[in-house]
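# Coordinate analysis (summary)
Spelled out from the first residue to the last, the chains are:
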Amino acid sequence: MEVNPKDPIVRYAILEAHGFQCYYTEKSLNMFNATIDHIVPQSYEGKLDELNEYKRVLGHDVDINHLYNLVPATWKINLLKSNKLYEVPHAIFLINRAKEKASEIIKRIQELRNFKDFERYLAAISAYISSSNNPRIEFSKIVELLPEQFGPFENKREVTSEHFSRSLPSVSLMAFLPRIYEQCGSCCFEFRSVFVSDCMITLSHKQITQQLFLGLNTDYKLEKRGFIVGKHFNLPNLYYIQLGNNRFTLKEEEVEDLCKIIDDFGGVFVKRFQSIENKWGVSNFCEFDPYECSVKLIEIKRSLWRKMIEFSWEFDYANGNSEWHIFNRTNGTIMLYPNRIILTRLEPENIESYHYESYMNPDETLWIKWKRYDNRLIKDEEPWTAEQTFHWLTEKFIPYVVYYYELVNIKKRWFEKSMAFLEFSNDFKIDNYIINSSFQIKRDFKLIDSADDLLSEMCSLQMFFSTNPSISLSLEEIKSIFLGIKYILMNIELPNYSYYYIKKQINYSMLEKNNHMDAIALINHKLETIVEENITLGQIGELFKCYIEALKCKNAINNLNKIVIKEVIKLLEPIWERYYFIEYIKRIGKDNN
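Computed from a predicted structure; not experimentally measured. Per-chain numbering applies: the sequence of each chain, read as written, is numbered from 1 onward. Selection of residues for local features in this predicted model requires a pLDDT of at least 70, selection of side-chain atom pairs for listing and counting requires 80 or more, and totals for whole chains, interfaces and linings are taken over all residues. With hydrogens and water excluded, all non-hydrogen atoms of the structure serve as input to the side-chain values.

### A look at the overall build of the protein chain
Per the convention used, a helix needs a DSSP run of H or I reaching at least four residues, while a strand needs a run of E reaching at least two, with both numbered from the N terminus. Assigned secondary structure in the protein chain consists of 18 helices and 17 strands. The buried label goes to any residue with under 20% of its type's maximum accessible area, the exposed label to any with over 50%, and the partly exposed label to all in between, with areas taken from a 1.4 Å probe on protein chains only. Every one of the 593 residues in the protein chain was classed for burial, and the buried ones make up 47%. By definition in these notes, contact holds between two residues if any of their heavy atoms fall within 4.5 Å. Considering only contacts in the protein chain between residues 6 or more positions apart, those separated by 24 or more positions represent 66%. By element, 51% of the accessible surface of the protein chain is carried by carbon and sulfur atoms, the whole surface being about 32,100 Å². For the area figures, the Shrake-Rupley method with a 1.4 Å probe applies, and any residue is considered shielded solely by the protein chains shown.

Encoded structure:
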């Protein structure tokens, strides 16, 4: 291939192919101190007879400006060589070496020329966009014509006990799921959108639960999801997306792919965290810290905590071998340490050093906290769960500490015999020593069989829909709420003022009478004319006030039978499941700091 050695692109490609070194001396070169040397001197270009004879002897039909004949050299070498011809064997050696670099040089010349053309075309496109009446729309049109840089992602889904990955054509997600000893998950997104290609966005556990899962399973067009900021101001097919601290735009089909992946990920993530909660026995505690996997167990007086600390010191495992010599003396905490294996550790909500002065605080109470202990290296004995610790603490430890200090020690001073612990525990009332407890057995809404329990759940649902703007219900779900109210009204008689209240909450005034039949007729009318877009979350909250009004009536408490209650529960089951799912996401993302 013949080239122009004075062309800067050709010069640069030859220099780069030879490692920016002189072909003869291997000294370093750059674009300013390098020359392009002709192995067969350029002066022979006008001496055709001599040139042809030399080429015949060489056995190479090499033109003067052929790539086989061009090599980089220093100015000094080029001047010393001048117009001299090399000996034939040496010339053949030099040409063959140069020939090895030719294909690389040709490829690089083409790349550099294409880049030069790209710059020219880019300047023309920029001028066109800036001179148009609406530059944003013109830019969007050009973007839609561009081929994706890497092509679409492969449709793929893989889930293990620790990892989740899923990809659709425009979005890919890779995530670490919550694990037994590392309960906080994380995830990483990649996009094929031209706006965010070559970019990876990572989210922490807090960002996943508080932003990514907000508005989970809702239509993205309702803009109730935590990561959808809203539509683009000028381009209707684009949405502003916020993931972590990153804001960018995606096209509608890309947003749809993103939402499908997040909804799938959300279900897997929640189930995995639930299994970890069950493993550590923390699911029945309302005071839960998801980031350190700890729970507040009970609130007690500081004086009792001080006695518990003193007891653990006195009954250190090194001081004896009774059934209570199972503690490891620690500063300000209580460590259960039988057989030199840590089973559990109790600490105050704010750890304090064991000095009497440290307990001279304005408040006279403290919360005892359980925190998951990492005991994974010991295979024979697993650490206690929060629930195991709670039962041991309230059923054995605190009763025995009270027994020891308030009975045994006092009797010893007077050389009197004290009653046995078993006899003492029969009359012991733990509620006299616990101020608060975060242990609450969760109630399954499907097992509700009384009007009182149903009323309690309806109060929770009413509060939920009144304070969560990111929720959306389908038309069928909204109709099921009306049907539940209707079913209750068909089976119990209410005072007239309750019918008036229910009519007011439904926000309908065409019926003048406040009685049983008119209230049912009103609900039937609503069921026939209801449109999903016309019902706000505030109005849904008002509908649950209708349940509350009906269920708090004495007639409902006494006469509402279990068959009616089960029918209402069946109607509202999808709504209850949504409620518990969203409340659980709040629980595992709650920041207690």
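Having put the structure on the table, let's press on.
### Re the sheet that holds strand β4 (residues 163–168)
Pairing between strands is defined by DSSP: at least two bridges between them are needed. Taken together, 5 strands build an open sheet; the order of strands is β3-β4-β5-β6-β7 and the sheet is antiparallel. Edge positions in the open sheet fall to β3 (156–159) and β7 (200–203), since each of these has one partner strand only. Neighbour-to-neighbour, the strand axes of this sheet turn through a mean angle of 10 degrees, independent of strand direction. Sheet strands in contact with helix α7 (residues 205–212) are β6 (186–191) and β7, and its direction is about 90 degrees off that of β7. Along the sheet face, helix α8 (residues 252–280) touches β3, β4, β5 (171–176) and β6 and points at about 160 degrees away from the line of β4. Helix axes use the C-alpha atoms of the stretch in contact, all axes being lines fitted to C-alpha atoms, and the angles between their N-to-C directions lie in the range 0 to 180 degrees.

### A word on the layout of surface pockets
Of the voids in this model, the largest pocket is the one considered here, and its volume is about 1,100 Å³. Cavities and pockets are defined on a 1 Å grid built over the protein atoms alone: a cavity is a set of grid points where a 1.4 Å probe fits but cannot escape, while a pocket is an open set with protein on both sides within 12 Å along at least five of seven lines, and lining residues are those with an atom within 4 Å of any such point. Around the largest pocket, the lining is made up of 31 residues, and of these K442, Y580, E583, Y584 and R587 lie nearest the centre. Of all the secondary-structure elements, those providing two or more residues to the lining of the largest pocket are α8, α12 (451–467) and α18 (562–589). It is α18 that provides the largest number of residues to the lining of the largest pocket, a total of 8 residues. The classification used treats Ala, Val, Leu, Ile, Met, Phe, Trp, Tyr, Cys and Pro as nonpolar, Asp, Glu, Lys and Arg as charged, and all other residues, Gly among them, as polar. Partitioning the lining of the largest pocket into residue classes produces 10 nonpolar, 9 polar and 12 charged. Grid points are joined across faces, edges and corners, and a volume is the space filled by probe spheres set on the points.

### Thoughts on the pairing of β6
Sheet topology note: the β5/β6 ladder contains 6 bridges and is antiparallel. Paired with F176 across the two strands is S186, which belongs to β6. As defined by bridge partners, β6 adjoins β7 across 4 bridges and the pair is classed as antiparallel. Looking across to β7, one finds that E190 is bridged to M200.

### Describing the packing of aromatic side chains
Each Phe, Tyr or Trp ring (for Trp, its six-membered ring) is paired with any other whose centre lies within 6.5 Å, and the angle between the two planes then decides the class: stacked below 30 degrees, edge-to-face above 60, tilted in between. This structure, assessed with the given rule, holds 46 aromatic pairs. Judged by centre distance (5.4 Å) and plane angle (80 degrees), the ring pair of F315 and Y404 falls under edge-to-face. In this pair, F315 is assigned in the loop between α9 (302–314) and β13 (327–329) and Y404 in helix α10 (residues 386–413), connecting sequence segments 89 residues apart. Of the two residues examined, F315 and Y404, each falls in the buried class. Considering the side-chain rings of F465 and F544, the 5.5 Å spacing of their centres and the 5 degrees angle between planes classify their relative orientation as stacked.

### Quick word on the packing of α7 against α8
Contact geometry for α7 and α8: axes closest at 12 Å, N-to-C directions at 120 degrees. Put simply, α7 runs oblique to α8. By crossing handedness, the relation of α7 to α8 is classed as left-handed. In this structure, α7 uses H205, I208, T209 and L212 to contact α8, whose residues at the interface are I262, F265, F269 and F273. In what follows, roughly perpendicular refers to angles from 65 to 115 degrees, roughly parallel to angles under 35, roughly antiparallel to angles over 145, and oblique to any angle outside these ranges. Crossing chirality is assigned from the near helix's rotation relative to the far helix, an anticlockwise turn below a right angle marking it left-handed and a clockwise turn marking it right-handed.

### Describing the state of the cysteines
In this description, a disulfide is simply a cysteine sulfur pair whose atoms lie within 2.5 Å. For the structure on display, the rule yields 0 disulfides. The thiol sulfur of C199 is not disulfide-bonded, and the nearest other cysteine sulfur, from C188, lies at 8.8 Å. Owing to a relative accessible area of 29%, C199 belongs among the partly exposed residues under this scheme.

### A closer look at unusual backbone geometry
Of note in this structure, F20 is not a glycine but carries a positive phi near 55 degrees. Relative to the helices and strands, F20 is located in the loop between α1 (8–17) and β1 (34–38). Here F20 falls in the partly exposed class, since its relative accessible area comes to 27%. Not every positive phi belongs to a glycine, and R340 is a case in point at roughly 60 degrees. Relative to the helices and strands, R340 resides in the loop between β14 (334–336) and β15 (344–348). Owing to a relative accessible area of 59%, R340 belongs among the exposed residues under this scheme.

### Concerning the sheet that holds strand β9 (residues 238–243)
Spatial strand order, β8-β9-β10: 3 strands in an open sheet with antiparallel pairing. In this open sheet, the two strands that pair with only one neighbour each are β8 (228–231) and β10 (246–251). Averaged over all pairs of adjacent strands, the angle between their axes in this sheet comes to 25 degrees, without regard to strand direction. Pairing of β8 with β9 involves 3 bridges; the strand directions are antiparallel. If you follow I228 over to β9, its bridge partner there is I241. Each of β8, β9 and β10 touches α8; the most contacted strand, β10, lies at about 115 degrees to it.

### Some points on the packing of α12 against helix α16 (residues 537–551)
Contact pair α12 / α16: the axes reach a minimum separation of 8 Å and the direction vectors enclose 165 degrees. Comparing the axis directions of α12 and α16 gives the class roughly antiparallel. The interaxial crossing formed by α12 with α16 has left-handed handedness. Of the residues in α16, those touching α12 at L454, L455, M458, C459, L461, Q462, F465 and S466 are L537, I540, G541, F544, K545, Y547, I548 and L551. Taken together, the residues of the contact of α12 with α16 break down into 12 nonpolar, 3 polar and 1 charged.

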